[in-house]
Amino acid sequence: MIKIENLSKTYEKKNIFHALSLTLYDTQIYALVGVNGIGKTTFLNSITQSAFRTNGNVLIDSIPNSAFESKYHFFFIPDHKDMFLNLSGNEYLSFIINIYKCDFTAASTAAHKITSLLKISADLNKPLSSYSLGMKQKIYLTGALISGATNLILDEPFNGLDPESVATLKKLLLEHRDAGNLVLFSAHNLDLVANFCDDVVFIA
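Residues numbered from 1 in each chain as written. Predicted model: local features only at pLDDT ≥ 70, side-chain atom pairs only at ≥ 80, totals over all residues. Heavy atoms only, no water.

### Structural notes on the sheet that holds strand 9 (residues 199-202)
Threshold: Here, strands pair whenever DSSP counts at least two bridges between them. In this description a helix means any DSSP run of H or I spanning at least four residues, a strand means any run of E spanning at least two, and both kinds are numbered starting from the N terminus. Here an axis means a line fitted to C-alpha atoms, over the contact stretch when the element is a helix, while the angle between two N-to-C directions is reported on a 0 to 180 degree scale.
Reading across the sheet, the five strands line up as 6-7-8-3-9 and stay open at both edges, with parallel pairing between neighbours. Looking at strand neighbours, the two that pair on one side only are strand 6 (74-77) and strand 9, the edges of this open sheet. If you compare each strand with its neighbour and ignore which way they point, the axes differ by 15° on average. When strand 3 (residues 28-33) meets strand 9, the two strands line up parallel, connected through four bridges. By the bridge assignment for strand 9, A31 is matched with V200.

See below:
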């Protein structure tokens, strides 16, 4: 669960949003919807990074997100897909398993299943710097899904994915939700939201 209390962000004396309060519940998929440039990324950054917002509080599974412990309760994939480019796919997944203190056998088994479904198994020994946008999306999403984090916060996770991969990712996120977890993702394409998410958060 993510509880947002009086969240505000001001940039160069302009209010991006002001005194926003919202509770997002487990076993739900939420779509954050708005036109490009309206503040979706800023909103997600303000949820995940306590230093990023101007005012307000965010609780993640009842833990203030300023507390280090909260980091184990969410996995954030930002809009820029240029993280850990010096690592191979396998090295990146091993890094996630270690930093999130996952059970190695269970997480490795899950990673094998997910990378097979997303059709990137053959590329796991290649550096992320050589990956296309879609492949980067897939490896970061695999990391999110094996991390054990109950709250997935994803900025435009469908960008760069072909229709088959979009369908596969939707299925994986539905499974994550049905296991009792929460998904919050941003999108500007309403076709991705229809018949998939449980609720919509509009930014206008």
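The discussion continues.
### Things to note about the nonpolar core
Condition: Grouping buried Ala, Val, Leu, Ile, Met, Phe, Trp, Tyr and Cys residues that are joined through side-chain atoms within 4.5 Å yields what is termed a nonpolar core. The buried label applies to any residue whose accessible area, calculated with a 1.4 Å probe on protein chains only, is under 20% of its type's maximum; exposed applies above 50%, and partly exposed to all values in between. Any two residues having at least one pair of non-hydrogen atoms within 4.5 Å are treated as being in contact.
One finds F75, Y92, I139, F158, L173 and F185 to be the most contacted residues of the largest nonpolar core, which totals 44 residues. For this core, the secondary structure elements donating two or more residues are strand 3, strand 6, helix 2 (89-99), helix 3 (104-117), helix 4 (133-146), strand 7 (151-154), helix 5 (163-178) and strand 8 (182-187). Not counting residues within four places of it along the chain, the set of residues in contact with L173 comprises I29, L145, L152, L154, F158, V183 and F196.

### Points about the sheet that holds strand 5 (residues 63-64)
In spatial order, the strands read 2-1-4-5; together these four strands make up an open sheet with antiparallel pairing. Two strands bound the open sheet, and with one partner strand each, they are strand 2 (14-24) and strand 5. Pairing analysis gives five bridges linking strand 1 (residues 2-11) to strand 4 (residues 55-60), with the strands arranged antiparallel. Bridged to S8 within strand 4 is N55.

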